[in-house]
Amino acid sequence: MSSKIDGPVPGAPRVVSSTPPRIDRAGGERGKPVAAPEAADRVRLTGETASLRAIEQNLSTGPAMDLAKVAAVKHLLDSGSYRIDPQEIASRLAALERELSR
């Protein structure tokens, strides 16, 4: 059995081009102007953002660690008088755990 096709089938979609249009990096077809995005989106920063920026600024300008405290601990270690208080460590760990579980 053979079928003869004389032309497009009525009601079938018509193919105009078999190659897709070229898209440039801005998202439009090459050679056609690309419209600027609408400025409908807005960002509102909270007071916490200002606080975080202030903290970030302080951290970036100061030393990464308290050098005076490091020197004091080093002196205590060198002299053999550094005292470890297990009760103080336990109470601070418990306080930290309470803060984290809130």
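Residues numbered from 1 in each chain as written. Predicted model: local features only at pLDDT ≥ 70, side-chain atom pairs only at ≥ 80, totals over all residues. Heavy atoms only, no water.

### Considering the overall build of the protein
(1) Moving on: On a plain count of helices and strands, the protein comes out with three helices and zero strands.
(2) Moving on: When the elements of the protein are put in sequence order from the N terminus, they spell out α-α-α.
(3) Moving on: A buried classification covers 1% of the 102 residues belonging to the protein. (Helix = DSSP H or I, 4+ residues; strand = E, 2+ residues; numbered from the N terminus. Buried < 20%, exposed > 50% of the residue type's maximum accessible area, 1.4 Å probe, protein only.)

### Description of the environment of threonine 61
(1) Moving on: Position of threonine 61 relative to the elements: it lies in helix α1 (residues 47-61).
(2) Moving on: By relative accessible area, threonine 61 is classed as exposed at 58%.
(3) Moving on: Side-chain polar atoms of threonine 61 contact the backbone oxygen of asparagine 58, separated by 3.3 Å. (Polar contact = N/O pair within 3.5 Å; in protein donor to acceptor, adjacent residues only side chain to side chain.)

### So, the pattern of salt bridges
(1) Moving on: Evaluation of the coordinates by the stated rule reveals three salt bridges.
(2) Moving on: Among the ionic pairs, glutamate 88 bridges to arginine 92, the shortest N-O distance being 2.7 Å. Pair noted here: glutamate 88 and arginine 92 are both in helix α3 (residues 86-100), with a separation of four residues, about one helical turn.
(3) Moving on: For arginine 92, a relative accessible area of 60% translates into the label exposed.
(4) Moving on: Glutamate 99 serves as the salt-bridge partner of arginine 102, at 3.4 Å between the closest nitrogen and oxygen.
(5) Moving on: Its relative accessible area of 77% is what places arginine 102 among the exposed residues.
(6) Moving on: With relative accessibility at 47%, the residue glutamate 99 sits in the partly exposed group. (Salt bridge = Lys/Arg side-chain N within 4 Å of Asp/Glu carboxyl O.)

### Quick look at helix α2 (residues 67-79)
(1) Moving on: Counted at 1.5 Å a residue, the expected span for α2 with its 13 residues is 18 Å, and the 18 Å between its end C-alpha atoms agrees.
(2) Moving on: Burial runs low along α2: only zero of the 13 residues are buried.
(3) Moving on: Note on α2: the residue one or two positions beyond its end, glycine 80, has a positive phi of about 80°. (Expected span 1.5 Å × (residues − 1).)

### Thoughts on a nonpolar patch on the surface
(1) Moving on: Taken together, the side chains of Leu76, Leu77, Tyr82, Ile84, Ile89, Leu93, Leu96 and Leu100 make up a nonpolar region of the molecular surface, amounting to roughly 820 Å² of accessible area.
(2) Moving on: Mapped onto the nonpolar patch, the elements with two or more residues apiece are α2 and α3.
(3) Moving on: Of all the elements, α3 adds the most residues to the nonpolar patch, at four residues.
(4) Moving on: Relative to the helices and strands, isoleucine 84 resides in the loop between α2 and α3.
(5) Moving on: Classification of isoleucine 84 by relative accessible area gives exposed; the value is 59%. (Patch = residues over 30% accessible without salt bridge, like charges linked within 9 Å, V, L, I, M, F, W, Y side chains within 5 Å. Areas by Shrake-Rupley, 256 points an atom, 1.4 Å probe, with all protein chains shown as cover.)

### A few points about the confidence of the model for the protein
(1) Moving on: Of the residues in the protein, 64% have a pLDDT of 70 or more, and the chain-wide mean is 79.
(2) Moving on: For the protein, the element scoring lowest by mean pLDDT is α1, at 87; α3 scores highest, at 96. (pLDDT = per-residue confidence, 0-100.)

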